[in-house]
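Letter by letter, the chains look like this.
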Amino acid sequence: MNRKFSFFIIGGTGDLSRKKLLPALYKLYKEGHFKNLHKVYSLAREESKEWKDLVGSFNEPEKFENFLHFDVRSDSSYHELGKVLQRLRGQELIFYLALSPFLFETTVRKLGRLLRTYTNPRKIVVEKPFGFDLTSAKKLNQILYTYFVEEEIYRIDHFLGKETVQNIFSLRLSNTIFEGLWNKNFVDHVQILALEDIGIEGRGEYYDKVGAVRDMLQNHMLQMLSFLAMEPPCCMHPEYIRDEKVKLLRSVRRVSDTVKGQYEGYPSEKGVGENTRTETFVAIKLYIDNLRWQDVPFYLMTGKRLSKKLSQITVVFREIPRSFAKLLDCMPKQNKIVFQTAPKNKIAIHFELRPPAGKFISCPIETIMEYDMESYAGTKLPEAYETLILDIVEGDRSLFIRGDEVEIMWEIVEPIMDDKIEVYTYKQGSLGPEKAHRLIEKDGKTWIL
């Protein structure tokens, strides 16, 4: 960006700001990406010691050690913010809402009214969850559009900043051997997993109002689905990429197979209701009704307090013809492409080869070609927030979610947010409720973990 800019983090002393945003901003500045950065301002009700220690440890702390006492509900806070903005005439203003989603509407309204008196270019960044259902998402969109245009709004999903997720796009569109196979003629099914071995980590009051469907399925997992399954855009322009994602999401058939779960001991977590029915686990099967993916099942599963941390997409290809299996006297394993974002950023291709020194016609063994991105790069990969913050500053909206896109995602998950769906208890350290395994096993398949 050639224009001078200032970055305002509303909720600037909270966990997200201290653990992700401020370190990402400082690293990008230190690497020379933000030569035109004027200052980073942290807005919060109280100045914490942790925040002060962090920004005080940065070189050139005057760029980052800028605190404003700020209560998003208080008109006087916006009046004080206005005094700061008066000194920044001509600069681009970037506002990042790193606060509770329950405060988004109030903050957007009051901030939008304040900015009406300024001509500065501006951007607003909104964290997930964007709304809590379709109605609230539409309302939040409407409020945003009252004060901002779509080009100024960045609805962020940090999963899209991960190297592996972006490499799905590259692998497909840069290699004809893969794009030619990326359809119902060759793909048997797809699995999308986001498993965590930790619990709610002290976020009980927030999480109990949200649950796994709103926290993970509606955003992260449907975004990974859309990147994997979308049609190639006509050209690499943010709006054309997002057009294809929207087309794909509109083609998702109503979800019919759903399993919800809650880990043992969840109701005893701090901030959680004693008789809560909030799910900490969800698994679904869905179909995409278009020419490319007709009748290919997509299985999505996410949960907390499971036996492992694992985030990955697995594309499983069809079995070889049975007649050839008889010739080999065995059934080779199905070919797979695995895109993993945790615990490692890697892509693995699983295929079958004759064993070394075996007979000409032998039962093949599974061989894996693995591309570990961090090992290949020889250095630590950028954090997802580094990638996305750089895109925000540079005005690239390719990896951000459009207003109509977020509403369609809510339309997909709303039927499974019904409280009448049973919530099964599962043991901590397990792989979720037994019903989730039956969901996929009844189709003759198993979870690839």
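Before reading on, note that the structure itself is shown above.
Residues numbered from 1 in each chain as written. Predicted model: local features only at pLDDT ≥ 70, side-chain atom pairs only at ≥ 80, totals over all residues. Heavy atoms only, no water.

## A short note on the overall build of the protein chain
Looking only at helices and strands, one finds 15 helices and 15 strands in the protein chain. The C-alpha atoms of the protein chain give a radius of gyration of 24 Å, which matches the 22 Å a tight globule of 449 residues would have. By its C-alpha atoms, the protein chain is 80 × 50 × 40 Å across when sized along the principal axes. Scored against the burial criterion, the 449 residues of the protein chain give a buried share of 57%. Here the analysis covers contacts within the protein chain between residues at least 6 apart in sequence; of these, 75% occur between residues at least 24 apart. As displayed, the protein chain offers around 20300 Å² of accessible surface, 49% of which is attributable to carbon and sulfur atoms. (Helix = DSSP H or I, 4+ residues; strand = E, 2+ residues; numbered from the N terminus. Rg over C-alpha atoms; globule rule 2.2 N^0.38 Å. Buried < 20%, exposed > 50% of the residue type's maximum accessible area, 1.4 Å probe, protein only. Contact = heavy atoms within 4.5 Å. Areas by Shrake-Rupley, 256 points an atom, 1.4 Å probe, with all protein chains shown as cover.)

## Concerning the sheet that holds strand S8 (residues 257–263)
If you trace the nine strands from one edge of the open sheet to the other, you get S14-S13-S12-S11-S7-S10-S9-S8-S15, paired in mixed fashion. Every interior strand has two partners, whereas the edge strands, strand S14 (365–372) and strand S15 (423–426), have only one. Direction aside, the axes of adjacent strands within the sheet are offset by 15° on average. The pairing of strand S9 (residues 281–286) with strand S10 (residues 298–303) spans six bridges and is antiparallel. Counted as the bridge partner of Ile-284 is Leu-300 from S10. Against the sheet, helix H6 (residues 163–174) makes contact with strand S11 (310–317), strand S12 (336–342) and strand S13 (346–353), and its axis sits at roughly 150° relative to S12, the strand it touches most. Contacting strand S7 (187–195), S8, S9, S10, S11 and S12, helix H9 (residues 211–229) crosses the sheet at an angle of about 145° to S10. (Pairing = 2+ DSSP bridges. Axes fitted to C-alpha atoms, helices over the stretch in contact; angles between N-to-C directions.)

## So, the side chain of Arg-155
With respect to the helices, strands and loops of the structure, Arg-155 is situated in strand S6 (residues 153–155). Reaching out from Arg-155, the side chain makes a polar contact with the side chain of Asn-141 at a distance of 2.9 Å. Reaching out from Arg-155, the side chain makes a polar contact with the backbone oxygen of Ile-401 at a distance of 3.1 Å. Other than its neighbours up to four places away in sequence, Arg-155 contacts Val-126, Phe-130, Asn-141, Tyr-145, Glu-150, Phe-400, Ile-401, Arg-402 and Gly-403. (Polar contact = N/O pair within 3.5 Å; in protein donor to acceptor, adjacent residues only side chain to side chain.)

## A closer look at empty space enclosed by the protein
Here the structure, examined in full by the defined rule, presents one cavity of 30 Å³ or more. Space inside the largest cavity adds up to approximately 70 Å³. What lines the largest cavity is simply Val-126, Glu-127, Lys-128, Phe-130, Arg-155, Ile-156, Asp-157, Gln-218, Asn-219, Ile-401 and Val-406. Residues belonging to the lining of the largest cavity are distributed by class as follows: five nonpolar, two polar and four charged. (1 Å grid on protein atoms, 1.4 Å probe; cavity = no way out; pocket = protein on both sides within 12 Å on 5 of 7 lines; lining within 4 Å. Points joined across faces, edges and corners; volume = space filled by probe spheres on them. Nonpolar A, V, L, I, M, F, W, Y, C, P; charged D, E, K, R; others polar.)

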